[in-house]
Amino acid sequence: MAPRYFKNDAEMARRDPRRQLEASLTRLVTTYPPASLKPSGGLFKGPVSVAYTFLVLQQLYPDLTIADTPLGTWSAAYLKHAQDNIASYPGPTVGKCGITDDIMCLLAIGAASSKDADMAANLCDYSAEVMDPDSENEHLYGRAGYLYLLRLVKASFQDDPKTLQLLTDTQDDVIDAILDTPRPWKWHGKVYIGAVHGAIGIITQIVLCNPAKYAPKLETELAVLLTYQYESGNFPSSVPPERDRLVQICHGAPGVIVSLESVKNAFSPKLGEKIEKAVQRGRECVWERGLLTKEPCLCHGISGNALALADKEFEHFLTYTTGNEMKAMEKDGLLEKSNSPESLFGGEAGRAWCWAVADLGLPKTVLGYNDL
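Residues numbered from 1 in each chain as written. Predicted model: local features only at pLDDT ≥ 70, side-chain atom pairs only at ≥ 80, totals over all residues. Heavy atoms only, no water.

Caption draft 1: Looking closely at the overall build of the protein. Counting its regular elements, the protein contains 16 helices and four strands. Its C-alpha atoms give the protein a radius of gyration of 20 Å, within 12% of the compact-globule value 21 Å for 372 residues. Seen through its C-alpha atoms, the protein measures out along the principal axes to roughly 55 × 50 × 35 Å. The burial tally for the protein puts 58% of its 372 residues in the buried class. Restricting the contact set of the protein to residue pairs at least 6 apart, pairs at least 24 apart contribute 70%. Counting only carbon and sulfur atoms, one obtains 50% of the accessible surface of the protein, whose full area is about 15,600 Å². Distance between charge centroids for the protein: 5 Å, based on 37 positive and 46 negative side chains. (Helix = DSSP H or I, 4+ residues; strand = E, 2+ residues; numbered from the N terminus. Rg over C-alpha atoms; globule rule 2.2 N^0.38 Å. Buried < 20%, exposed > 50% of the residue type's maximum accessible area, 1.4 Å probe, protein only. Contact = heavy atoms within 4.5 Å. Areas by Shrake-Rupley, 256 points an atom, 1.4 Å probe, with all protein chains shown as cover. Lys, Arg positive; Asp, Glu negative; His and termini not counted. Charge placed at Lys NZ, Arg CZ, Asp CG, Glu CD.)

Structural data, given as structure tokens:
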């Protein structure tokens, strides 16, 4: 079996993040132009995920152009490709209504970018599928992901009390449905721990909606989750724990660390101390075992793992995500190619996000997960 990671024994290094951001975005538009992408995947992969990345980056870099084209124009081009194929999307169904659903993601992005109250209301109308008793609770396909989309839209309606109240009420209804679900939360019959399919992801999405209201209700839940940490500092992908092997955002310490860092201040000081210890132990694990052989990406690669580390370590990990470094890894037979190499969670768009985080000194969050 090929190794999951390679040894972290090189001298500490860094690259110019602005230069690497521009190089990453240039590769994205030249290697994966809008019309070349399979039109599906929501914020996770495909044209909507790329469009969303460009949309957010355009707000951070309003004057930046890639291939002589503004970031906003690139966003519109990828979005148009997604919209042109809208007839092929099945739409939200019970068990498939998280951030991978193209219809809901297009509604959320459209409502947020144009401040369209009707589109916001249409997004809220899908709460029936989301709150169905047979629906999932996790981020990728379930209620937690829907909460992210609602937060995305809410940010644009702070001056519209009526729409803001509708979004907040929908949010609260969905959170109530999650909290009414028997514990431990399961996905496909298994008790997952991680950010994408598991408990830490669900807790994070709920708390970020209203920290003061919901953190006290989830204090015990989070305290129990922290007890699952291995001696190595890693976290199991599910319980009962299996082999200590996955160190990535979707399963393992990196996703737990990134999540904890964004919600830790909402919890009591006593739990806060435990959180800090868990983060420190987890970072030691990521530093040792986090240089993954999978293509650098947010979900299960070096880019996402970098976000779990402190500043200098973060920048050091990113040196392994440059175009030249990836070519060298591929030449050495160390690189396991992504099946969505353009995407936000699985490829180039996510790498670009990390370079922007490094360039601007942004909070080390995962776009599409806990950046809002």
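There is more to say after this.
Caption draft 2: Broad picture of the layout of surface pockets. By volume, the largest pocket is sized at about 470 Å³. Looking at the lining of the largest pocket residue by residue, the classes come out as seven nonpolar, eleven polar and five charged. (1 Å grid on protein atoms, 1.4 Å probe; cavity = no way out; pocket = protein on both sides within 12 Å on 5 of 7 lines; lining within 4 Å. Points joined across faces, edges and corners; volume = space filled by probe spheres on them. Nonpolar A, V, L, I, M, F, W, Y, C, P; charged D, E, K, R; others polar.)

Caption draft 3: How the structure looks around helix H1 (residues 17-31). Between its first and last C-alpha, H1 extends 20 Å over 15 residues, near the 21 Å set by a 1.5 Å rise per residue. Here H1 has its buried residues at Pro17, Gln20, Leu21, Ser24, Leu25, Leu28 and Val29. One side of H1 holds all its buried residues, which, seen down the axis, span an arc of 165°. Across H1 from its buried face, at more than 90 degrees, point the exposed residues Arg19 and Thr30. Packed against the buried residues of H1 are helix H2 (47-60), strand S1 (65-66), helix H3 (71-84) and helix H16 (348-360). Between the side-chain oxygen at the start of H1 and the backbone nitrogen of Arg18 there is a gap of 3.1 Å, and the oxygen is on Asp16. (Expected span 1.5 Å × (residues − 1). Arc of directions from axis to C-beta. Polar contact = N/O pair within 3.5 Å; in protein donor to acceptor, adjacent residues only side chain to side chain.)

Caption draft 4: View of empty space enclosed by the protein. Applying the stated criterion across every chain, the model contains one cavity of 30 Å³ or more. Of the voids in this model, the largest cavity is the one considered here, and its volume is about 50 Å³. In terms of lining, the largest cavity is formed by Asn137, Glu138, Trp185, Lys186, Trp187, Lys190, Tyr192, His197, Gly198, Ala199 and Ile202. Partitioning the lining of the largest cavity into residue classes produces five nonpolar, three polar and three charged.

Shape descriptors only; they carry no functional weight alone.
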